[in-house]
Amino acid sequence: MNEDYLWDKTGEPDPEIQRLEALLSPLGHKAGAVPSFHAPGKHWVPLTLALAASLLIIFGAVWTLRVRSRPAWQVSTVQGTPGITRLSKGQSFSTDANSRIRLDMDDVGEVVVEPNSKMSVIATRPEEQRLSLERGKIHAEIWAPPGRFYVNTPSAQTVDLGCQYTLEVDSRGEGLVRVSVGWVAFESDGRESFIPADAACVTRPGKGPGIPYYEDASQALRDAVNRFDRDADRSAAEVILAQARQRDAISLWHLLRRVPPADRGRVYDRLSLLIKTPADVTRDGVVAANPQMIDSLWNALDLGTTSWWRTWKTHPLK
């Protein structure tokens, strides 16, 4: 349904709205004399009361449907003048060099949009709140259930898993997410990256999500991750293996899923020195990209199991 029909009769109407309108149409105002309710006897009193009660029920149903079908982000000024007070599905906006605005939705969270940013509202359904960041920078603090708040970028979507994060998109369409609390997932065409608190990850047009890294990792490791994400440089992979601390096992786990089969054994060997390898995992199985073994290796990182993510992917919250 085009939600504008509820407000100004434009767009495609919902069949339920049409049914209620047809039900109420006999009660609409008709030109001519005002009808008299002074019918003989007292039987008109209960009939009128019943009619009034019915009208209240119908009006309440219509209003509830109208409100629920058109949630919107409330807009407030942090700096500058936004010129708008609410944002609904299909609307876009930009901030200039002197403007910062805050978007609020009670059951979802808060998003602060920095200067020189351009965004759109893609979806405002109870089970899916989706924005699109074409360029610029936002800070998101989300308290909606995991998997209900998304932000599209030119090369991937961010999936909120209950967190606070910053997302930037530059003029080339490259995105950078930095997580301060909780988790964010980057997704594009089946390529996934999981970014925990204190970590960051880049996504690029044509390549999708890269390898997450902790922001306190060595500069050499971070530079190598950048080179590998950009060019799939095998020498960069060697630097990542050499520079990885125990905490950087998360970067090696993602690297394991990015390198060609011939290199998986070396990545696994290094990873197995940093974590306790689960009993159900074998080197040959990992080289063959056995999905259950790859998930078991993730669980051994002690960052939470993969079950919540796989369950959500198979049966998303509604």
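None of the values given here were measured: they were computed from a predicted structure. (Residues numbered from 1 in each chain as written. Predicted model: local features only at pLDDT ≥ 70, side-chain atom pairs only at ≥ 80, totals over all residues. Heavy atoms only, no water.)

**Here's the deal with the overall build of the protein**
Link 1 in the chain: Along the backbone of the protein there are 10 helices and 16 strands.
Link 2 in the chain: A sequence separation of at least 24 residues applies to 42% of the contacts in the protein between residues at least 6 apart.
Link 3 in the chain: Summing over all exposed atoms, the protein offers an accessible surface of approximately 16,800 Å²; the carbon and sulfur share of this is 55%. (Helix = DSSP H or I, 4+ residues; strand = E, 2+ residues; numbered from the N terminus. Contact = heavy atoms within 4.5 Å. Areas by Shrake-Rupley, 256 points an atom, 1.4 Å probe, with all protein chains shown as cover.)

**Observations regarding the pattern of salt bridges**
Pairing between side chains becomes possible if they bear opposite charge and their charged atoms approach one another.
Link 1 in the chain: Applying the stated criterion across every chain, the model contains 20 salt bridges.
Link 2 in the chain: Note that Glu110 and Arg102 form a salt bridge whose closest N and O atoms lie 3.5 Å from each other.
Link 3 in the chain: For the salt bridge of Arg125 with Glu127, the shortest nitrogen-to-oxygen distance reads 3.2 Å.
Link 4 in the chain: Arg125 gets classed as partly exposed once you look at its relative accessible area, which sits at 39%.
Link 5 in the chain: Three or more residues are tied together by salt bridges with common partners; here these are Asp198, Asp216, Arg245, Arg247 and Asp248. (Salt bridge = Lys/Arg side-chain N within 4 Å of Asp/Glu carboxyl O. Buried < 20%, exposed > 50% of the residue type's maximum accessible area, 1.4 Å probe, protein only.)

**What about the packing of aromatic side chains?**
Link 1 in the chain: All told, the structure shown has 5 aromatic pairs when counted by the stated rule.
Link 2 in the chain: Summarising the aromatic geometry, the rings of Trp73 and Phe149 are spaced 6.1 Å apart at their centres and angled 70° between planes, so their arrangement reads as edge-to-face. On the criterion of sequence distance, the pair formed by Trp73 in strand β1 (residues 73-79) and Phe149 in strand β8 (residues 149-152) is long-range, its members being 76 residues apart.
Link 3 in the chain: Judged by centre distance (6.2 Å) and plane angle (40°), the ring pair of Phe194 and Trp253 falls under tilted. Linking Phe194 in strand β13 (residues 191-196) with Trp253 in helix α6 (residues 249-256), this pair joins segments that are 59 residues apart in sequence. Each member of the pair, Phe194 together with Trp253, is buried.
Link 4 in the chain: Among the aromatic residues, ring-to-ring pairing joins Trp183, Phe194, Trp253 and Trp298 into one connected group. (Phe/Tyr/Trp six-rings, centres within 6.5 Å; stacked < 30°, edge-to-face > 60°.)

**Here's the deal with the confidence of the model for the protein**
Link 1 in the chain: In the predicted model, the protein carries a mean pLDDT of 82, and 72% of its residues have values of at least 70.
Link 2 in the chain: Counting interchain partners and residues more than four positions distant, the pLDDT-below-50 stretch residues 33-50 has 3 contacts.
Link 3 in the chain: Note on residues 59-69: pLDDT under 50 across the span, and 8 contacts to partners over four residues away in sequence or across chains. (pLDDT = per-residue confidence, 0-100.)

**A short note on the packing of helix α5 (residues 234-243) against helix α7 (residues 261-274)**
For any two helices packed against each other, the geometry comes down to the angle between their axes and how far apart the axes lie.
Link 1 in the chain: Direction vectors running N to C along α5 and α7 enclose 15°, while the axes themselves pass 10 Å from each other. Viewed along their axes, α5 and α7 adopt a mutual orientation that is roughly parallel. The two elements α5 and α7 meet at a crossing, and its hand is left-handed. Along its contact with α5, which presents Arg234, Glu238, Leu241 and Ala242, the element α7 presents Asp263, Arg266, Val267 and Arg270.
Link 2 in the chain: Of the residues in the contact of α5 with α7, the class split is 3 nonpolar, no polar and 5 charged. (Axes fitted to C-alpha atoms, helices over the stretch in contact; angles between N-to-C directions. Parallel < 35°, antiparallel > 145°, perpendicular 65-115°, else oblique. Left-handed = near helix turned anticlockwise from the far one by under 90°. Nonpolar A, V, L, I, M, F, W, Y, C, P; charged D, E, K, R; others polar.)

**Some points on unusual backbone geometry**
What is expected of a backbone is that most residues other than glycine have negative phi and most peptide bonds are trans.
Link 1 in the chain: Located in the positive-phi region is Asp189, a residue other than glycine, with phi close to 50°.
Link 2 in the chain: Within the fold, Asp189 resides in the loop between β12 (183-188) and β13.
Link 3 in the chain: Judged by relative accessible area, Asp189 falls into the exposed class, the value being 84%.

**Regarding α7**
Link 1 in the chain: Spanning 14 residues, α7 covers 21 Å between terminal C-alpha atoms, matching the ideal 20 Å at 1.5 Å per step.
Link 2 in the chain: The complete set of buried residues in α7 reads Asp263, Arg264, Gly265, Val267, Tyr268, Leu271 and Leu274.
Link 3 in the chain: Looking at the packing, one finds that the buried side of α7 touches α5, α6, α8 (283-287) and α9 (291-299). (Expected span 1.5 Å × (residues − 1).)

**Considerations on the environment of Arg86**
Link 1 in the chain: Relative to the helices and strands, Arg86 resides in strand β2 (residues 86-87).
Link 2 in the chain: Arg86 sits 10 residues away from Ser76 along the chain, and the two C-alpha atoms are 8.6 Å apart.

**A closer look at the environment of Gly190**
Link 1 in the chain: Within the fold, Gly190 resides in the loop between β12 and β13.
Link 2 in the chain: Overall, Gly190 belongs to the exposed group, its relative accessible area being 68%.
Link 3 in the chain: Along the sequence, Gly190 and Gly208 sit 18 residues apart, while their C-alpha atoms lie 9.6 Å from each other.

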